[in-house]
Amino acid sequence: MGVPAHVTVLLPFLDESCIDSGALAAIGEVIGRHRPFEARFEHCGRLPRVLCLGPEPGPVRRLTEAGTKLR
């Protein structure tokens with residue numbers, strides 16, 4: 001599908017027209033509250049048309065949960 005391997009943290013994605021200095025500041029604030037960490041992906045899963053790697057619960061989940069509060 002043309003998308004390289006990546007870790008999705010912030011959902012839902014913002015439309016490009018909504019990404020302004022305020023949005024970038026809010027994202028920076030959320031990310032800035034978390035320390036660097038190592039992640040392990042212990043299992044594979046499937047979503048419609050997508051193969052995904054499941055991270056171990058912990059820092060990735062906390063970032064995702066914090067990111068969903070930006071909406």
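Residues numbered from 1 in each chain as written. Predicted model: local features only at pLDDT ≥ 70, side-chain atom pairs only at ≥ 80, totals over all residues. Heavy atoms only, no water.

Novice: How should I be thinking about the pattern of salt bridges in this particular structure?
Specialist: If the charged atoms of two oppositely charged side chains come close together, the side chains can form a pair. In total, this model carries 2 salt bridges according to the counting rule given. For E29, the salt bridge is made with R33, and the minimal N-O distance between the two is 3.5 Å. Both residues of the pair, E29 and R33, count as exposed. Salt-bridge contacts for R40 lead to E42; the nearest nitrogen and oxygen are separated by 2.4 Å. You can call R40 exposed: its relative accessible area is 56%. (Salt bridge = Lys/Arg side-chain N within 4 Å of Asp/Glu carboxyl O. Buried < 20%, exposed > 50% of the residue type's maximum accessible area, 1.4 Å probe, protein only.)

Novice: Would you explain the confidence of the model for the protein in this entry?
Specialist: One rule of thumb: low pLDDT means the predicted coordinates there are not for detailed reading. Looking at the protein as a whole, its pLDDT mean stands at 80, while 89% of the residues score no less than 70. Ranking the elements of the protein by mean pLDDT puts helix α2 (residues 59–68) last, at 79, and helix α1 (residues 21–32) first, at 87. (pLDDT = per-residue confidence, 0-100. Helix = DSSP H or I, 4+ residues; strand = E, 2+ residues; numbered from the N terminus.)

Novice: Sorry, what's going on with unusual backbone geometry here?
Specialist: Across residues other than glycine, the phi torsion is negative in most instances, and most of the peptide bonds are trans. Notably, R49 is not glycine yet its phi reads approximately 65°, a positive angle. You can see R49 is positioned in the loop between β1 (41–47) and β2 (50–55). With relative accessibility at 67%, the residue R49 sits in the exposed group.

Novice: Before we go on, may I ask you to explain α2 in this structure?
Specialist: Residues three or four positions apart in an α-helix share a direction because the helix packs 3.6 residues into each turn. Every buried residue of α2 is accounted for by V60, L63, A66 and G67. The buried side chains of α2 occupy one side of the element, clustering within an arc of 130° when seen end-on. (Arc of directions from axis to C-beta.)

Novice: What is the right way to look at the pairing of β1 in this model?
Specialist: Looking along a regular strand, one sees side chains alternate from face to face of the sheet. Here β1 pairs with β2 via 6 bridges, running antiparallel. By the bridge assignment, G45 is partnered in β2 with C52. Remark: 2 residues form the turn of the hairpin made by β1 and β2, two consecutive strands paired antiparallel; R49 in that turn has positive phi of roughly 65°. (Pairing = 2+ DSSP bridges.)

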